[in-house]
Every structure is written in C-alpha cells, then in structure tokens.
Amino acid sequence: MASPESQPRFGHSVKCLLSEKVGSCSVDTIALTRQVLKGSRSQELLSQAARNMVIQEDAILHSEDSLRKMSIITTHLQYQQEAIQKNVEHSKNLQDQLFHLLK
C-alpha cells in the first residue's frame, strides 16, 4: 500500500494537474468565446452588406425606370420638334402665298 509520505505528494501532483487542466480549459473557453464573438461580428457585417446590396439594387431599378421614362419623353420631344419644324415651314409657305396675293 502507499506510504503516508507519498499520499501528500500524490495529492499535490493531482492538484497541480487539475489546476493546469482548469487553466487550459479557461484559456480554451476564452478562445472559443472570442471566436463566437468574431463570428457574430462577421454575421452582423454580412447582414449589413446584404441590406446595402438590396438598397443598391432598388436604386438601380429606380434609375432604370427613370431612364426608360426619360427615353419616352425624349422621343415625344423629338416628335414635337418635327411637328413644329413642319408648321414653321408651312407658315413660311403661307406667308409667301399671302405676300404674293397682296402684291
């Protein structure tokens, strides 16, 4: 059987080993907590990036819609310009005819 002198040494070595293991577990727990926090922060950043992307997509769609509307307006303005030019030419012809009639 173990001698009375070896039991305190054995108890002391067990306490030291247990203390080392507790310290190691504490370090591992701290490292795990840091990783979880980093992961949480990464998730927050990804969520924010996704929200920003949705906002940008909405802005792009709105811009495309505005460009389509401007294109339609441009076409209508071109038609109006052509009509005005025709009316100006027609009015010049009428002025010439009126001038010849009044001569």
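The name an unreviewed UniProt entry gives the chain is BLOC-1-related complex subunit 7, with Gouania willdenowi as the organism. For the record of the chain, the UniProt heading Sequence similarities (unreviewed entry) holds the text "Belongs to the BORCS7 family." Note on the chain: under the UniProt heading Subcellular location (unreviewed entry), the record states "Lysosome membrane".

1. Points about the state of the cysteines
Joining two cysteines, a disulfide is a covalent bond between their sulfur atoms. Throughout the structure, instances matching the rule amount to zero disulfides. The thiol of Cys 16 is unpaired, and the distance to the nearest cysteine sulfur, on Cys 25, comes to 16 Å. The class of Cys 25 is partly exposed, set by a relative accessible area of 48%.

2. A short note on the environment of Leu 46
By the element assignment, Leu 46 lies in helix H1 (residues 6-102). Along the backbone, Leu 46 and Lys 92 are 46 residues apart, and their C-alpha atoms lie at a distance of 68 Å.

3. Examining the pattern of salt bridges
All told, the structure shown has three salt bridges when counted by the stated rule. Note that Glu 44 and Arg 41 form a salt bridge whose closest N and O atoms lie 3.3 Å from each other. In this pair, Glu 44 and Arg 41 both sit in helix H1, three residues apart, roughly one turn of the helix. A residue is classified by how much of its surface remains accessible, and Arg 41, at 46% relative accessible area, is partly exposed.

Reading guide: rules and limits
Residues numbered from 1 in each chain as written. Predicted model: local features only at pLDDT ≥ 70, side-chain atom pairs only at ≥ 80, totals over all residues. Heavy atoms only, no water. UniProt positions renumbered as here; feature names shortened; annotations may be inferred. Disulfide = S-S within 2.5 Å. Buried < 20%, exposed > 50% of the residue type's maximum accessible area, 1.4 Å probe, protein only. Helix = DSSP H or I, 4+ residues; strand = E, 2+ residues; numbered from the N terminus. Salt bridge = Lys/Arg side-chain N within 4 Å of Asp/Glu carboxyl O.

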